[in-house]
Amino acid sequence: MADEDLSALAAAAYVYGFPLVFDLEQVQRFSERGLGQLRAAPFNTFAHAAKLATPQDTFVSVNNDTLYSIAQLDLSAGAQLLHVPDSDGRYYVLQFVDAWTNNFAYVGRRGTGTGEGTFLLTPPGWSGTVPAGARRIAVPTGVATIVGRWACEGTADVPAVRALQQQLTLTDANGDADAGSGGGVPTAGEGLPEAVAFFERLRVWMAAFPPSAPEQALQRRFAPLGLLDEHASFGHASASLTDVLAAGYAAGQKRLEEASHGGLSEPVNGWSTLLHMFDYNADWFELGTLDTPEWKIADRERAHVLRAVAARVGLWGNHAYEAFYAQVFDDADGERLDGGRRYEIRFETLPPVDAFWSLTMYDTPDYYLVANPLERYSIGDRTRGLVRAADGSLTLVLQHEQPDEPERRANWLPTPAGGFRPLMRLYQPRPEVLEGRYELPPVVRVG
């Protein structure tokens, strides 16, 4: 195969493999160094946030609505028992994400209720007996992630959430609470150039965490690159192959960035709704998921692009039936959002949800929370002191400088000085959202 064709194949492999590599890099980061206020924790152990996220939590599109409880699973040593407390009706969700970023199970208010419960988390190929009173969740890959989110009303509500977090436990299924992990994430790519390191990690981690049989069949097209060779490290690649990988890496990155800024859906009032962006899972459906055609992407090539975009702009995001997301980069006139200007969003009808909604401010291109003197990183139906107009409408103010008028300050979500991307979240959205009958209003420039 000509080098030009191999470079094109490498670009396709980059998009295909980005979610796996990026996800497992974050898994390693969590288990070895922690993230912001989430301390480093061994596999099969929860790390709990003690306060809502701030700009110090440098994780892509981290939310400011909930307190996190995150655990990295390593089931190569055997099954784990998960215990969840009775949250007494409080919204929470434990989202289960495999190494390929497939959302394959949900435990929580929407999926399984808010009562106390026990769940047996089993590794691939497991056979055994589920303990009495427990429900089984089959985990598709030996390493996976539980992303827990607890609704929190603010600082005064933190102690109540912290009490619930402490009752959330993982123990070895044989009863050994001190059981460690097995193999974890294999070391790969250290000391190699950036592009070569990416493909070396992809090669090693594809073999360590195989996806479903249909996905494995699709991976065979990457054989000419050496990605299916479990023993030939790219660290010893020829100069010509190294050049091919570098060219494919650059082209793949460009393709992913372009896809991340548009083309996910037909914009409505400038908003690109992420209604089906997390529907790329076509094979693994456990508790709390909807195994129906409308929540699966049949076109696998499109599914792989969306999977990469989802990892890039919102790693570990939920299916829309759990939490609906919409992002916006441009104002109503099609101009890119910029902190040197002033904007408004006027809601004649507030977002219809069964839990709550919020608008969170992120910078670009990293999609991190934006530091500001007000220390307000999101705004929504739980924000105290919002001012409604006489007709019941709500106008949110987006600008860098503090507004002069008290009513505008009350509804102000600070922006960075430069480019930004707000993200709307609707938790437990109602049918009119999922069916496209509710539209978010445009971001209108006012100065």
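For clarity, every value in this text was computed on a predicted model and none was experimentally measured.

K.L.:
Even after reading the chapter, I still don't get the sheet that holds strand E18 (residues 444-445), so can you show me in this structure?
P.N.:
Two orientations exist for strands paired in a sheet by backbone hydrogen bonds: parallel and antiparallel. With mixed pairing, the four strands of this open sheet are ordered in space as E16-E15-E12-E18. One side of each edge strand has no neighbouring strand; the edge strands of this open sheet are strand E16 (412-414) and E18. Bridge count between strand E12 (residues 343-347) and strand E15 (residues 394-399): five bridges; the pairing is antiparallel. Considered in E15, the bridge of Ile 345 is made with Leu 396.

K.L.:
Could you clarify how one ought to interpret the domain arrangement of the chain in this entry?
P.N.:
Accessible area lost upon the coming together of the parts is a frequently used measure of interface size. Partitioning the chain into domains gives domain 1 (1-263) and domain 2 (271-446). A separation of 24 Å is found between the C-alpha centroids of domain 1 and domain 2. On the domain 2 side, the residues contacting the 63 residues of domain 1 number 50 residues. Here domain 1 and domain 2 share an interface that buries about 5,000 Å² over both sides, 56% of which is from carbon and sulfur atoms. Considering only the surface of domain 1 that becomes buried against domain 2, Ser 61, Asp 65 and Arg 110 emerge as the three largest contributors, covering 13% of it. On inspection of domain 1 and its partner domain 2, the count reaches four salt bridges. Here Arg 382 ties to Asp 65 by a salt bridge, and the two come within 3.5 Å at their closest N and O atoms. Listing elements by their share of the side of domain 1 that touches domain 2, those giving two or more residues are helix H1 (3-32), strand E2 (66-74), strand E4 (92-98), strand E5 (103-108), strand E7 (134-138), strand E8 (143-151), helix H4 (213-219) and helix H5 (239-260). When the residues that make up the side of domain 1 that touches domain 2 are grouped by side-chain class, the tally is 32 nonpolar, 19 polar and twelve charged.

K.L.:
What is the right way to look at unusual backbone geometry in this model?
P.N.:
Where the residue is not glycine, phi is negative for most of them; where a peptide bond is considered, it is trans in most cases. With omega at 10°, the peptide bond leading from Thr 364 into Pro 365 counts as cis. By secondary structure assignment, the location of Pro 365 is in the loop between strand E13 (357-363) and strand E14 (378-380). The phi angle at Ser 61 is positive, at roughly 55°, despite the residue not being glycine. Within the secondary structure layout, Ser 61 lies in the loop between strand E1 (46-48) and E2. The backbone phi angle of Thr 101 is positive, close to 75°, even though this residue is not glycine. Looking at where Thr 101 falls in the secondary structure, it is placed in the loop between E4 and E5.

K.L.:
Would you mind showing me how to read the sheet that holds E13 here?
P.N.:
Here five strands make up an open sheet; going across it, the order is E10-E11-E17-E13-E14 and the pairing antiparallel. Of all the strands in the sheet, just strand E10 (271-273) and E14 have a single pairing partner and so form its edges. For this sheet, the mean angle separating the axes of adjacent strands, direction not counted, is 25°. Sheet topology places E10 next to strand E11 (residues 323-328); three bridges connect them, and they run antiparallel.

K.L.:
Honestly, the packing of aromatic side chains in this entry has me stumped. Any pointers?
P.N.:
Centre-to-centre distance and the angle between the planes together describe a pair of aromatic rings. Under the defined criterion, the tally for this structure stands at 23 aromatic pairs. Arranged with centres 5.5 Å apart and planes meeting at 40°, the rings of Phe 347 and Trp 357 form a pair that is tilted. Of the two residues, Phe 347 is situated in strand E12 and Trp 357 in strand E13; the sequence distance between them amounts to ten residues. With relative accessibility at 2%, the residue Trp 357 sits in the buried group. Arg 307 extends its terminal NZ or CZ atom over the ring of Tyr 16, reaching a point 4.9 Å from the ring centre.

The rules behind these values
- Residues numbered from 1 in each chain as written.
- Predicted model: local features only at pLDDT ≥ 70, side-chain atom pairs only at ≥ 80, totals over all residues.
- Heavy atoms only, no water.
- Pairing = 2+ DSSP bridges.
- Helix = DSSP H or I, 4+ residues; strand = E, 2+ residues; numbered from the N terminus.
- Domains from an automatic or database assignment.
- Contact = heavy atoms within 4.5 Å.
- Buried area = accessible area lost by both parts, 1.4 Å probe.
- Salt bridge = Lys/Arg side-chain N within 4 Å of Asp/Glu carboxyl O.
- Nonpolar A, V, L, I, M, F, W, Y, C, P; charged D, E, K, R; others polar.
- Axes fitted to C-alpha atoms, helices over the stretch in contact; angles between N-to-C directions.
- Phe/Tyr/Trp six-rings, centres within 6.5 Å; stacked < 30°, edge-to-face > 60°.
- Buried < 20%, exposed > 50% of the residue type's maximum accessible area, 1.4 Å probe, protein only.
- Lys NZ or Arg CZ within 6 Å of the ring centre and 35° of its normal.

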